[in-house]
Amino acid sequence: MNQIKRLAVLFIFFTGFSFIQDEELSKSMAKGKDVYNDFCMVCHKPNGEGTEKIFPPLAKSDFLKKYRDESIRSVKYGQKGKIKVNGIEYNGNMPLPGLSEEEIVDVMNYILNSWGNKSDKIVTIREVKSLIK
Amino acid sequence: MIRFFCSFLFIVIVKACFGQKDDTTINTPKKLNYSTELIVPELDIPWGMTFLPDGSMLITEIKGKLIHFKDGIKTEIKQVPEVYARGQGGLMDVELHPDYKNNGWIYFTYSSSDGDEKGGNTALMRAKIKDDALIEKQILYKGAPNTTKPYHFGSRIVFDNDGYVYFGIGDRGDHFVNPQDITKDGGKIYRLKDDGTIPADNPFVNEIGAKTAIYSYGHRNPQGMTKHPVTGQIWENEHGPQGGDEINIIQKGKNYGWPVICYGINYDNTILTEKTEMPGMEQPFYYYVPSIAPSGMAFIHSDKYPDWKGSLLIGSLKFQYLERLDIKDNKVTYREKIMPDSGRVRNVKISNDGYIYVAIEGKGIYKILPSI
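Residues numbered from 1 in each chain as written. Chains lettered and ligands numbered in written order. Predicted model: local features only at pLDDT ≥ 70, side-chain atom pairs only at ≥ 80, totals over all residues.

Caption draft 1: Examining the overall build of chain A more closely. Looking only at helices and strands, chain A features 6 helices and 2 strands. When its C-alpha atoms are laid out on the principal axes, chain A stretches across 65 × 30 × 25 Å. The burial tally for chain A puts 29% of its 133 residues in the buried class. Here the contacts in chain A between residues at least 6 apart in sequence split such that 62% fall between residues at least 24 apart. (Helix = DSSP H or I, 4+ residues; strand = E, 2+ residues; numbered from the N terminus. Buried ≥ 20, exposed ≤ 12 C-beta atoms within 10 Å, placed from the backbone. Contact = placed C-beta atoms within 7 Å.)

Okay, here's the thing in structure tokens:
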């Protein structure tokens, strides 16, 4: 009986926790969408499809999945030089967006969980702070 | 039902007109009689450039650097105003006073957070250089209010033949509020005397509440501007939304229509406006569908490039080339790519000795050499 109680408590705790996290994620994504529309959309397009060979896609991008740190860094500091996304090479120059740490968190959560992208881990201020040039 | 079908048809037609991704009206010549030489290496985003009487250059980088380039050496000028570095903001254009030789004045535009509100807006400053630092700094104009919107700051600076200074400020991300309202900054081309005072014959000096520095309005985001070498008129180009970039000849007091009339659509493919013309609003001299994302512009007026004399040059950020436009009888008759696939072309200017200089993001500044 005790065992069952304990399990029940654990169950409630975890589902409650994931519910809070889901809500945190959806709040962050909502703010991130506004940041995306203001800073990223012109080049990366409303649905993250980009422009082949010029602006890399964010939707279903293997780069975002493989290089999470690099992706966050490029939003924090800008990006320059050759990268390969979904098999196509890009050699662009993304200027420093000049976002606050909170805006970086939100826009990354939006990008990592939109247009077919799915991330298991929510981006946090702590993670953004920890990534240095 | 018919109505539904008509609107469906309309959308299809609009999509067919605007949704196209390839620019079918530009030519790619097989052979061009020129070569290029990298003059200033390793620049990040070189926004403005101008040539000093001694042949050296002043170059701005958007992140807030002013560089004096002389005899192959870059010297960073100190005491540059702090820029509001967010999105498209930063240190933008740099231009010399027409009588720079005698008075030493240099003009800049930059995004500034001066003022009470949070955010930034575009400012015009003049200053002199002494011992590699800016001195006698004067803010001649500051757009207001500040906003945290990260885009559409403009900006270019041009002097006309009478010594007036022109510069543009983009709509600052508030296109339903700013561009059509002459009591507000943003979406305007401004004209000032060289000391920042308002010319007595500016178009709106007698309008109550108007920003009297305004010379023309209804602009979206002007990032190219130049003086025509023969007529002395001020030519401007500006970014449209998706489609609808424009080349305009700037006339006193005129309304260039944004966002009431436009040849483009929203980024998410929805309709921004169904109107492309209206009485009281100027038609563009030329418009681009699809957008090329136009940057700096210059007319070739020297004899260094005989085939190209009189042509207009415009940089394309999006398609990464410099384009040359033939203009006959007040119309664009031919366009071709020069320097295709060269990178995001940010600026183009003609040097004092008549050569074309092209600034490319992440690369540097190239000189085009006729190799005939």
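Caption draft 2: Spatial organisation of the overall build of chain B. When you go through chain B residue by residue, the secondary structure sums to 2 helices and 24 strands. Over its C-alpha atoms chain B spans a radius of gyration of 20 Å, differing by no more than 12% from the 21 Å that the globule rule assigns to 372 residues. By principal-axis analysis of the C-alpha atoms, chain B measures approximately 75 × 55 × 35 Å. Sequence-distant contacts in chain B: of pairs separated by 6 or more residues, those separated by 24 or more amount to 55%. (Rg over C-alpha atoms; globule rule 2.2 N^0.38 Å.)

Caption draft 3: A look at the interface of chain A and chain B. Contact residues are listed per partner, giving 12 residues for chain A and 15 residues for chain B. When contributions to the side of chain A that touches chain B are tallied by element, the ones reaching two or more residues are helix 1 (2-39) and helix 2 (41-44) of chain A. Residue classes in the side of chain A that touches chain B are distributed as 8 nonpolar, 2 polar and 2 charged. (Nonpolar A, V, L, I, M, F, W, Y, C, P; charged D, E, K, R; others polar.)

Caption draft 4: Broad picture of the environment of B:Gly196. Residues and elements named next belong to chain B. Structurally, Gly 196 can be placed in the loop between strand 12 (188-192) and strand 13 (214-217). Each C-alpha atom, one on Gly 196 and one on Gly 186, is 18 Å from the other, the two residues being 10 residues apart in sequence. Once residues within four sequence positions are removed from consideration, Gly 196 is found in contact with Gln 138, Leu 140 and Tyr 141.

Caption draft 5: Expanded view of the sheet that holds strand 20 (residues 321-328) of chain B. Residue and element names in this part refer to chain B. On the basis of which strands lie adjacent, the open sheet formed by 4 strands has the order 18-19-20-21 and antiparallel pairing. Looking along the sheet, the strands with just one partner apiece sit at the ends: strand 18 (294-299) and strand 21 (331-338). Strand-to-strand twist across the sheet, computed as the mean angle between neighbouring axes with direction ignored, equals 25°. Taken together, the 5 bridges between strand 19 (residues 312-316) and strand 20 define a ladder with antiparallel strand orientation. Paired with Ser 316 across the strands is Tyr 321, a residue of strand 20. (Pairing = 2+ DSSP bridges. Axes fitted to C-alpha atoms, helices over the stretch in contact; angles between N-to-C directions.)

Caption draft 6: Main features of the sheet that holds strand 5 (residues 73-76) of chain B. All names here are of chain B. Strand order across the open sheet formed by 4 strands is 2-3-4-5, with antiparallel pairing between neighbours. Each having just a single partner strand, strand 2 (46-51) and strand 5 make up the two edges of the open sheet. When the angles between neighbouring strand axes are averaged without regard to direction, this sheet yields 25°. Where strand 2 meets strand 3 (residues 57-61), 4 bridges bridge the pair, whose relative direction is antiparallel. Following the sheet pairing, Phe 51 is matched in strand 3 by Met 57.

Caption draft 7: Molecular detail of helix 4 (residues 68-77) of chain A. Residue and element names in this part refer to chain A. Listed as buried for helix 4 are Ser 71, Ile 72, Val 75 and Lys 76. Angular distribution of buried residues about the axis of helix 4 spans 135°; they occupy a single face of the element. Where helix 4 is buried, its residues contact helix 3 (62-66), helix 5 (101-112) and helix 6 (125-130). In the segment just after helix 4, Gly 78 is the residue with positive phi, at about 90°. (Arc of directions from axis to C-beta.)

Caption draft 8: Here's a closer look at unusual backbone geometry. With an omega of 10°, the peptide bond between B:Gly154 and B:Ser155 qualifies as cis. Within the fold, B:Ser155 resides in the loop between strand 9 (133-142) and strand 10 (157-159). Between B:Val289 and the following residue, B:Pro290, the backbone shows a cis peptide bond with an omega angle of 0°. Of note, the phi angle at A:Lys53 is positive, near 70°, even though the residue is not glycine. Within the secondary structure, A:Lys53 is located in the loop between helix 2 and helix 3. Residue classification places A:Lys53 among the partly exposed positions, given that 13 C-beta atoms sit within 10 Å. Backbone geometry at B:Asp329 places phi at a positive 50°, although glycine is not the residue there. Along the chain, the position of B:Asp329 falls in the loop between strand 20 and strand 21.

Caption draft 9: Summary view of the nonpolar core. Of all hydrophobic cores here, the largest spans 85 residues; its most connected members are B:Tyr166, B:Tyr190, B:Leu313, B:Val348, B:Val358 and B:Ile365. Considering every element that reaches this core, the biggest residue donor is strand 23 (residues 356-360) of chain B, with 5 residues. The contacts of B:Tyr190, once residues within four sequence positions are left out, are B:Tyr141, B:Tyr166, B:Phe167, B:Ala213, B:Ile214 and B:Tyr215. If you look at the next biggest cluster of nonpolar residues, it comprises 19 residues, including A:Ile104, A:Val105, A:Ile111 and A:Leu112. (Core = buried A, V, L, I, M, F, W, Y, C linked by C-beta atoms within 7 Å.)

Caption draft 10: Geometry of the pairing of strand 19 of chain B. All names here are of chain B. Summarising burial for strand 19: 5 of the 5 residues are buried, a large majority. The alternating pattern of strand 19 places Leu 312, Ile 314 and Ser 316 on one face and Leu 313 and Gly 315 on the opposite face, and all of these are buried. By the bridge criterion, 4 bridges tie strand 18 to strand 19 in an arrangement that is antiparallel. Residue pairing for strand 19: Met 297 is matched across the bridge by Ile 314.

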